[in-house]
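Summary of structural features
The chain contents come next:
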Amino acid sequence: MNGSHGALRALAVLCLALLVQGAASVPARAAVAPAHKTRTVVLIVSDGLRWQEIFTGAEEALLNDKDGGSWLSDEELRKRYWRPRAEERRAALFPFLWGTVAREGQLFGNQTLGSVAHVTNGKAFSYPGYNEMSTGYPNDAIDSNEFGPNPNATVFEWLNQFAPFRGRVAIYGTWNVYDNIFNKARSGLVMQTGWTLPPKARETPRDALLRELYATTTQFDEEDSPNSFIQVPLLDYVKTGKPRVLFVGYGETDNWAHQGRYDLVLDSAHRFDHFVEQLWNTMQAMPQYRGSTTFIITTDHGRGSGPTEWKEHGIEEKGSENIWIGVIGPDTAPLGERSHIAPVAQAGIAATLAAFLGKDYPAAVPQAAAPIAAVLPMP
Ligand SMILES: [Zn+2]
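Numbering of residues begins from 1 in every chain and follows the order in which that chain's sequence is written. With pLDDT at 70 or above as the cut-off, local features in this predicted model cover only qualifying residues; side-chain atom pairs require 80 or more to be listed or tallied, and sums for whole chains, interfaces and linings still use all residues. Side-chain calculation: all heavy atoms of the structure are included, whereas hydrogens and water are not.

**A short note on empty space enclosed by the protein**
- Only protein atoms enter the calculation, which uses a 1 Å grid: trapped sets of points that fit a 1.4 Å probe without letting it out are cavities, open sets showing protein on both sides within 12 Å along at least five of seven lines are pockets, and any residue with an atom within 4 Å of a point is a lining residue. Grid points are joined across faces, edges and corners, and a volume is the space filled by probe spheres set on the points. Applying the stated rule across the entire model yields one cavity of 30 Å³ or more.
- Approximately 50 Å³ is the volume found for the largest cavity.
- Lining the largest cavity, in full, are Gly 48, Leu 49, Arg 50, Glu 53, Thr 253, Tyr 262, Val 265, Arg 303 and Trp 310.

As structure tokens, then:
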């Protein structure tokens, strides 16, 4: 059972009603328009990027060496990211999110406007967060990033069983733990993670250069490669592999926060925004994706606040459960920054992703949370 059966039935009933009424004067276009224009969905995550930066931009108290651990001069840091008004600051930090996503899509999680987005896993660190958003429900047993292979299938693995998507569901991320979260061994998804570059039958000069950089760059973190290292193979894959369902994970924003380097958190966040824009523009330039692609953009957890706790996250650091979610695509009403609206949960992302593709995920996985209705087409 999936959503398209319901839609077909509704359509049949509507056609019958029109026939019965002899309704030649009723415009038929509305009745035959497809329920979903989306054919491809991309879920994009910037790890541990706070809602505070998304909605209010750089935090003034951290634009220094003392509490922000910044190596950049205060003057240069303020030139890059400080503006008197929150609207200007956030647009300077995230030009694509505020210039395009907020104008053509929706953004949830500005707590100062009464919009809350949150995790429901009670842990507020990475594996539980990626598990919650991708399976649609928290799993209390997952209490460490070293948990190992995920016993539960994600919505990506679930979608990969359907003919139109099979072999075209892919996970691209900087972190090698995605191999466990998306259960590489069982799921059969296309995967590129961490510092591993899968061999190619025929290598272009660009492939060879990338391989050399993967092999020779000092590993700041052996689990996690720099964001730029996933962007290059990601764009190549989109052009050649023609994915229908795609996950993209960028790790730098979390890593630099743990290092206590607020200057590099901001630079990573700014570049993350650019990477999302680059992926969006690349796909919009391809006939196969233009006007039929939806992006869901989010984070796996929040972080603490104040002069020290911004660096860490988890149950100890209050507020780490708070996240943000952005959606842009042909089926999402352009309602922009949402305010005074019911909370949305990270668990709802899996069913939302499936619903954009006309699939009823909670019907198959009853423990999964309902989709975020506000971003879906009106029934
Ligand atoms: Zn972390």
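**Examining the layout of surface pockets**
- The calculated volume of the second largest pocket comes to roughly 260 Å³.
- Residue lining of the second largest pocket: 16 residues in total, with Tyr 172, Gln 192, Pro 198, Lys 200 and Pro 233 positioned closest to the centre.
- Helical segments are the DSSP runs of H or I of at least four residues, strand segments are the runs of E of at least two, and each set is numbered from the N terminus. Counting residues per element, the ones that place at least two in the lining of the second largest pocket are β5 (190–193), α11 (205–216) and α12 (227–241).
- Top element by residues in the lining of the second largest pocket is α12. It accounts for four residues.
- Each residue is assigned to one of three groups, with Ala, Val, Leu, Ile, Met, Phe, Trp, Tyr, Cys and Pro labelled nonpolar, Asp, Glu, Lys and Arg labelled charged, and all others, Gly among them, labelled polar. Grouping the constituent residues of the lining of the second largest pocket by class yields nine nonpolar, two polar and five charged.

**Brief notes about the side chain of Gln 346**
- Considering the arrangement of structural elements, one finds Gln 346 in the loop between β11 (344–345) and α16 (348–356).
- Ignoring anything within four residues of it in the chain, the contact list for Gln 346 reads His 118, Val 119, Asn 121, Gly 129, Glu 132, Met 133, Thr 299, Asp 300 and Ile 323. The contact definition used throughout considers only heavy atoms, calling two residues in contact when any of these lie within 4.5 Å.

**Section: the packing of aromatic side chains**
- Pairing of aromatic rings covers Phe, Tyr and Trp, the last through its six-membered ring, and needs centres within 6.5 Å; plane angles under 30 degrees mean stacked, over 60 mean edge-to-face, and all others mean tilted. Applying the stated criterion to the full structure yields 23 aromatic pairs.
- Cluster of aromatic residues (ring-pair linked, three or more members): Tyr 130, Phe 156, Trp 175, Tyr 178, Phe 182 and Phe 247.
- Seen from the ring of Trp 98, Arg 90 lies directly overhead, with NZ or CZ sitting 3.5 Å from the centre. A ring is considered to have a charge above it if a Lys NZ or an Arg CZ atom is located within 6 Å of its centre and within 35 degrees of its normal.

**A few points about the pairing of strand β6 (residues 245–250)**
- Buried residues are those whose accessible area, probed at 1.4 Å on protein chains only, stays under 20% of the maximum for their type, while exposed residues exceed 50% and partly exposed ones sit between those limits. Along β6, six of the six residues are buried, which leaves the element largely enclosed by surrounding structure.
- Of the two faces of β6, the one carrying Val 245, Phe 247 and Gly 249 and the one carrying Leu 246, Val 248 and Tyr 250 are both buried.
- Sheet topology places strand β4 (residues 169–173) next to β6; five bridges connect them, and they run parallel. From the neighbouring strand, Val 169 faces β6, where its bridge partner is Val 245. We call two strands paired when DSSP finds no fewer than two bridges between them.

**Comments concerning the sheet that holds β4**
- Reading across the sheet, the eight strands line up as β5-β4-β6-β1-β7-β9-β2-β10 and stay open at both edges, with mixed pairing between neighbours. The strands lining the two open edges of the sheet, one partner per strand, are β5 and β10 (336–337).
- The sheet contact formed by strand β2 (residues 106–108) and β10 spans two bridges and is parallel. Bridge pairing in β10 links Gln 106 to Gly 336.

**What about the environment of His 274?**
- Assignment of secondary structure puts His 274 in helix α14 (residues 262–284).
- In this structure the C-alpha to C-alpha distance between His 274 and Pro 95, which are 179 residues apart in sequence, comes to 7.9 Å.

**Brief notes about the nonpolar core**
- Here, nonpolar core refers to any group of buried Ala, Val, Leu, Ile, Met, Phe, Trp, Tyr and Cys residues whose side-chain atoms link them within 4.5 Å. One finds Ile 44, Phe 94, Leu 246, Phe 272, Leu 279, Phe 295 and Ile 297 to be the most contacted residues of the largest nonpolar core, which totals 48 residues.
- Top contributing element to this core by residue count: α14, with 10 residues.
- In contact with Phe 295, other than residues within four places in its own chain, are Val 42, Ile 44, Val 276, Leu 279, Trp 280, Met 283, Gly 326, Val 327 and Ile 328.
- With 46 residues, the next largest nonpolar core counts Phe 108, Tyr 178, Ile 181 and Leu 376 among its residues.

**Some details on unusual backbone geometry**
- Here Ala 124, not a glycine, exhibits a phi torsion of approximately 60°, which is positive.
- A relative accessible area of 5% places Ala 124 in the buried class.
- Here the phi dihedral of Lys 242 falls at roughly 45°; this positive angle occurs in a residue that is not glycine.
- Topologically, Lys 242 is positioned in the loop between α12 and β6.

**Considering the coordination of the zinc ion**
- Atoms of type N, O and S within 2.8 Å of a metal are treated as its donors, and for Na, K and Ca the window is 3.2 Å; water is not considered, so some sites may appear to be missing partners. The coordination sphere of the zinc ion, as far as protein atoms go, consists of Asp 254 (OD), Asp 254 (OD), His 258 (NE2) and His 313 (NE2), spread over 2.0 to 2.6 Å.
- Of note is the zinc ion, whose four donor atoms meet at the metal with angles of 54 to 145° in an arrangement that counts as irregular.
- Written as a sequence motif, the donor residues of the zinc ion are D-x3-H-x54-H. Of this pair, Asp 254 sits in helix α13 (residues 252–258) while His 313 sits in the loop between α15 (306–309) and β8 (322–323), and the two are 59 residues apart along the sequence.
- According to the relative accessible area criterion, Asp 254 is buried, its value standing at 8%.
- The class for His 313 is buried, based on a relative accessible area of 15%. Donor angles set the geometry label: tetrahedral for four donors if every angle is between 85 and 135 degrees, square planar for four and octahedral for six if opposite donors exceed 155 degrees and the others are between 65 and 115, irregular for anything else.

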